[in-house]
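Analysis of the macromolecular model
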There are 4 protein chains.
Amino acid sequence: MAIAGATGYAGQELVRLLARHPEVDLVAAMASSASTGRDLPALRHLWRGTIEPLDVARLTSGLDAVFLALPEDASAELAPTVAESGARVFDLSGAFRLAHDEARGRWYPKTGTLPDGVVYGAPERLNGGLETARIVSCPGCYPTAASLALAPLVRAGLVAGDIVIDAKSGVSGAGKKPTERTHFSECHGNLSAYGVFSHRHAAEIEQEVGCAVTFVPHLVPIDRGILETMYLRVTPGTTDERIAGVYEDAYARAPFVRVTGGELPTIKQVAHTNFCDIGWKLDAGTNRLVIVSAIDNLLKGAAGQAVQLFNLAFGFDERAGLWG
Amino acid sequence: MAIAGATGYAGQELVRLLARHPEVDLVAAMASSASTGRDLPALRHLWRGTIEPLDVARLTSGLDAVFLALPEDASAELAPTVAESGARVFDLSGAFRLAHDEARGRWYPKTGTLPDGVVYGAPERLNGGLETARIVSCPGCYPTAASLALAPLVRAGLVAGDIVIDAKSGVSGAGKKPTERTHFSECHGNLSAYGVFSHRHAAEIEQEVGCAVTFVPHLVPIDRGILETMYLRVTPGTTDERIAGVYEDAYARAPFVRVTGGELPTIKQVAHTNFCDIGWKLDAGTNRLVIVSAIDNLLKGAAGQAVQLFNLAFGFDERAGLWG
Amino acid sequence: MAIAGATGYAGQELVRLLARHPEVDLVAAMASSASTGRDLPALRHLWRGTIEPLDVARLTSGLDAVFLALPEDASAELAPTVAESGARVFDLSGAFRLAHDEARGRWYPKTGTLPDGVVYGAPERLNGGLETARIVSCPGCYPTAASLALAPLVRAGLVAGDIVIDAKSGVSGAGKKPTERTHFSECHGNLSAYGVFSHRHAAEIEQEVGCAVTFVPHLVPIDRGILETMYLRVTPGTTDERIAGVYEDAYARAPFVRVTGGELPTIKQVAHTNFCDIGWKLDAGTNRLVIVSAIDNLLKGAAGQAVQLFNLAFGFDERAGLWG
Amino acid sequence: MAIAGATGYAGQELVRLLARHPEVDLVAAMASSASTGRDLPALRHLWRGTIEPLDVARLTSGLDAVFLALPEDASAELAPTVAESGARVFDLSGAFRLAHDEARGRWYPKTGTLPDGVVYGAPERLNGGLETARIVSCPGCYPTAASLALAPLVRAGLVAGDIVIDAKSGVSGAGKKPTERTHFSECHGNLSAYGVFSHRHAAEIEQEVGCAVTFVPHLVPIDRGILETMYLRVTPGTTDERIAGVYEDAYARAPFVRVTGGELPTIKQVAHTNFCDIGWKLDAGTNRLVIVSAIDNLLKGAAGQAVQLFNLAFGFDERAGLWG
């Protein structure tokens, strides 16, 4: 078991989760950055290694599993090679998320053709399907919160008309590299919308939900967590009970989805956990439905979900390393 | 000139704005709370008075103008009496905002019949109309940001279909009284939606915009400021230029509305000012329009707009006391 | 095993830590507040119970251990009764922290005489001593961070002259009850000193460190964590190596103290953990020493340390339930 | 009147303050950065210019006054040239703050010999003295808050023994350039000490206060503001009244210093103002004194104080442009 890209925010969470995972022996944590040779001070009690330089030979030397938390172009190049060596690859980048070449070419132009054996890893929609996966493409953060809330309703035929997704994310979602827009003094006391009609997660959401959406992400001055508020009309006659039933059918055996009904979820409920909480309010007179979902962007939206997929792929308890 | 309700967040801003206003002599700042007899430490350089107990006799003793920043039931009772004395009343509560008795009865049940001489004070939609006002009802914070963005488009016939308003507010909007949901440890690092299908500002927005909306407010961990993201479809063929033209027509002479085009506004641009900034993105292929507006909830959303209305009502420069 | 006071911030952490503790069967979580009958939404995956009303009969019905996270006067009354029943009591209040009656009478006037069998539970200074404890008094949050940093140096005779402790705490340290000073709008963007020469933790620090200190706590706009900066002069000739040696001797077998040398600790390193990190800078020319220590106030400063003491008292691995 | 360095945080405040200043005609705002050619969106209502490239010819073409908010090496080179042209220079960098060559060589090695006509501009300690100044060196942010609190007591002979200054600053004090330590995700929920025994403001404080100090700055997750907590022993017999008297003598005619006695100041009281608030607590039994001072680092700690000095140097009302 090795991690490539261990010093970013998602990468550090991977080190933490895998170092304490009962079934895992973390043999190497690699990074291409200047931080090689150093350890991770906050994790010293769990992991006594130091960050190594990215080493393809080692990643292809007979490991069972390799996690990639790299930029998409690096992943696009490295993942097939690692998979060829027999390791199962869990890729946290966007390189392999879009199934259609045209969409992938538009939103991830550096990633080329999709290799064989890629599975988009939405744990709650897979019904198995990871057995033969050579590369598990881990879902994006915004798409995870949106798809878990919307896909069951769309599949059940309850959605009529436009879907609006107003998404709010903590700043760690923008990565570890300092930039003007993630500078503390710019974010503190501030709120902003970005990527309107131009964020590539919209294409991923549409692929997973199965219909068009209007998706606008916002940057909010918190460290971690995503809250998404979704607006749509349901087909006439849809009741709260029907909606509850659809979610119940979808998630009765999903340990990391908590359906909260009319109690709308908040970020604090899910921060530092791998849960996705989903609640809603229906205005029966007008058939307007508002759904709110919340996740920790670094866990259910990245490293936690990757470990959940690893557990499923290797037949471990889905919750191993993620419960507590 | 006197203020009743001078110790809440909007009330303190009123003291600050009026104490430095070149045309104003602030003779009394009153409150019903335990803070009477104290001064306002942060404002000592501008105002050397102390907070007095609420005194109706004094408020009706021949003042030119009285600002009420009180709970709606207190305003509903007090405003007509003060207006009767000849003072023009600028009321910051919701008591007089809804024109229709049915709506007012539902959302503000303690406020009774609307007295004569009430004008809803949207400075940018009034075209005069304040001359004969005896009670100027100052708009709510969320409705201000929503209506300035939406009303011109609706009037111009550019809106087709549902309007969604996803609003985010700083915590000062919830007032000065400590509660569990405004406790620091509950808000920090957190985000939540509230008042879905049950917030009375929705009725005020619908009155001002002239059509139905879906309105969901959110509490975000900043002190002051509101950002609203609005979603709608425009009539086919609507262009960016047309939208810009509609706003230009509406706000060419409005000193406190800044139309920012494709540069979407942020809270920081408007915090501590009386501006409302409005920007948008149009997806021409699908006619989907996303509009973002931002205000400081305590200024353009409360005390600043009240002073702006006072300036207009008394024929002063609209910007007096508000520019700098 | 039961908890009395399970709905405050420290109490909820206790529920979380004990619900997942491998050696614990949590039979009851009680509170005197209005929240009885409800569950703890964020902890549903770990603990499926509901909060019960405080029930002395049950707390004295043959349990092995009882955790009290109650106001000090409630603890002072309840703890001896519970201890009498044979349960070992882990008390998180200040009721039993001060050994001398005079000091206790001054700072905790409602707590009466110290019962038999009380042990002040500083895990790193105990050298056993919990075997016969009937009531383990868990240290205060500020004293924990201060004493771990200062006590070894004082004992080694390295301190010459005054000790200044400038302490900064997150707002959860002020508890769950909404107040004006913990209202979000008052804390956000703000900093303040409080309790100068009048905070009872100063007495506890002096008891544990063994000499007088000047202690000033500050409220900072973060949710959790304490950082303390300590200023003193060391005896001439004291070197960095000597200081490192003293800490090494004190904490070589203390799993939850991490001595970081010249790398000064930060809150983020310890948040959501039971660690106390300690670093320092010595100005050899002037013998001035600055020490910085950091803890999570709700874990090492409250619930985590209580569980650590429980582990020691019952002979479990000191880290059980606290590592990960 | 021109500004060089108009796009940093202090520079933008200068543009705002000078654009609205009743006696000032701001003819140019320059920057060496990539932002030339752009305007300052938040200030469009006050200033309609665009940022120009740094232009020495223009800065030396007969202006009355030039404000420099540049890195110290740029200031060290540019200020004498501009002063030579007859303009009075208000320099916000550290280039000219330290009077002694040795100290300056150590802490500001790129700045060379001190030119003639430099005055360290502490408005409250000057007693005139700006008439002949050609270059006014504006005090540093930390030294402003420390010296205003300490200098009067030291001069009055009330200080016995060591002075400790524990300073906490908002992140805007670290400037506008994104770095790892000012990245939002690193600062949020975090606190850290830095520059222990190695911050150059310590030398400036010692120069201004007249004795040695131990000074440790901390980075706190707020945008703007500095709070400093100072610890010392007073000479035996010193009373609260004596301390109040010393401050009264020092600041009776200082409009921007507010002595708050036993009510300790907070950041919120001074944010967005040019005030320095000073309060204290004396423990008469032990002669220990704790003083707290607070300023807005960008105003009294930078741009506001520079404008205050400009007012004094040109004989305007000291408060012009700064009151309101």
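Position labels on residues start from 1 in each chain and follow its written sequence. Throughout, the order in which chains and ligands are written sets their labels, letters from A for the former and numbers from 1 for the latter. Only residues with pLDDT of 70 or above have their local features reported here, since the model is predicted, and side-chain atom pairs are shown and tallied only from 80 upward, although totals for entire chains, interfaces and linings are computed over all residues.

With respect to the overall build of chain A
Each helix corresponds to a stretch of at least 4 residues labelled H or I by DSSP, and each strand to a stretch of at least 2 residues labelled E; elements are numbered beginning at the N terminus. A tally of regular secondary structure across chain A gives 10 helices and 14 strands. Viewed in the frame of its principal axes, chain A has a C-alpha envelope of about 60 × 45 × 40 Å. For the exposure call, what matters is how many other C-beta atoms sit within 10 Å of a residue's own: 20 or more marks it buried, 12 or fewer exposed, and in between partly exposed, using C-beta atoms placed from the backbone. Buried residues in chain A amount to 57% of all 324 residues. In chain A, the share of contacts with a sequence separation of at least 24, taken over all contacts with a separation of at least 6, comes to 67%. Working definition of a contact: two residues with C-beta atoms, positioned from the backbone, lying within 7 Å.

A closer look at the interface of chain D and chain A
With 15 residues of chain D at the interface, the matching set in chain A holds 15 residues. For the side of chain D that touches chain A, the leading source of residues is helix 6 (residues 184-187) of chain D, giving three residues. Only Asp, Glu, Lys and Arg are considered charged in this grouping, and only Ala, Val, Leu, Ile, Met, Phe, Trp, Tyr, Cys and Pro are considered nonpolar; every other residue, Gly among them, is considered polar. Broken down by class, the residue content of the side of chain D that touches chain A amounts to six nonpolar, seven polar and two charged.

What about the confidence of the model for chain A?
Counting all residues, the mean pLDDT for chain A is 96, and 100% of those residues have values of 70 or more. The complex model carries a pTM of 0.97, and its ipTM stands at 0.96. The pLDDT score gives, residue by residue, the confidence of the prediction method on a 0 to 100 scale.

With respect to the interface of chain D and chain C
Across the contact, 31 residues belong to chain D and 31 residues belong to chain C. Secondary structure elements with two or more residues in the side of chain D that touches chain C: strand 8 (159-169), strand 9 (192-193), strand 10 (214-219), strand 11 (226-234), helix 9 (267-270), strand 13 (276-283) and strand 14 (288-295) of chain D. For the side of chain D that touches chain C, the element with the highest residue contribution is strand 8 of chain D, accounting for four residues. Of the residues that constitute the side of chain D that touches chain C, the class distribution is 16 nonpolar, seven polar and eight charged.

Digging into the environment of A:Arg125
Its location among the elements puts A:Arg125 in the loop between strand 6 (118-120) and strand 7 (135-137). Sequence separation between A:Arg125 and A:Tyr194 is 69 residues, and the spatial gap between their C-alpha atoms is 29 Å.

Observations regarding the relation of the copies chain D and chain A
Here the copies are matched by least squares. The fit uses the C-alpha atoms of residues with pLDDT of at least 70 in both. Of the transformation superimposing chain D on chain A, the axial component is 0.0 Å and the angular component is 180°, with the fit at an RMSD of 0.0 Å. Seen this way, the second copy is the image of the first under a two-fold rotation axis. Of every C-alpha in chain D, the one belonging to D:Phe184 sits nearest the axis of rotation, 2.0 Å from it. Here 100% of the contact residues of chain D are again contact residues in chain A; the copies associate through an equivalent surface.

Structural notes on the domain arrangement of chain A
Residue and element names in this part refer to chain A. For chain A, the assigned domains are domain 1 (2-138 + 302-314) and domain 2 (142-295). Here the bounds of each domain stem from an automatic or database domain assignment. Spacing between the C-alpha centres of domain 1 and domain 2 amounts to 25 Å. Contact with domain 1, which involves 14 residues of that partner, is made by 17 residues of domain 2. It is helix 10 (residues 303-314) that provides the largest number of residues to the side of domain 1 that touches domain 2, a total of three residues. Residues that form the side of domain 1 that touches domain 2 fall into these classes: six nonpolar, five polar and three charged.

Brief notes about the relation of the copies chain D and chain C
Of the transformation superimposing chain D on chain C, the axial component is 0.0 Å and the angular component is 180°, with the fit at an RMSD of 0.0 Å. The overlap is high: 100% of the interface residues of chain D also sit at the interface in chain C, so the same surface is used on both sides.

Some remarks on the sheet that holds strand 4 (residues 65-68) of chain D
Residues and elements named next belong to chain D. Paired strands are those between which DSSP finds at least two bridges. With respect to topology, seven strands assemble into an open sheet ordered 3-2-1-4-5-7-6, the strand pairing being parallel. Looking at strand neighbours, the two that pair on one side only are strand 3 (52-53) and strand 6 (118-120), the edges of this open sheet. Note that strand 2 (residues 28-31) and strand 3 share two bridges and pair parallel. Looking across to strand 3, one finds that Ala 31 is bridged to Pro 53. Packed on one face of the sheet, helix 1 (residues 9-19) meets strand 1 (2-4), strand 2 and strand 4 and runs near 175° to strand 1. Where helix 3 (residues 72-84) meets the sheet, its contacts fall on strand 1, strand 4, strand 5 (88-91) and strand 7 (135-137), and the angle it forms with strand 5 comes to roughly 160°. Whenever a helix is involved, its axis is fitted only over the stretch in contact; in every case the axis is a line through C-alpha atoms, and angles between N-to-C directions fall within 0 to 180 degrees.

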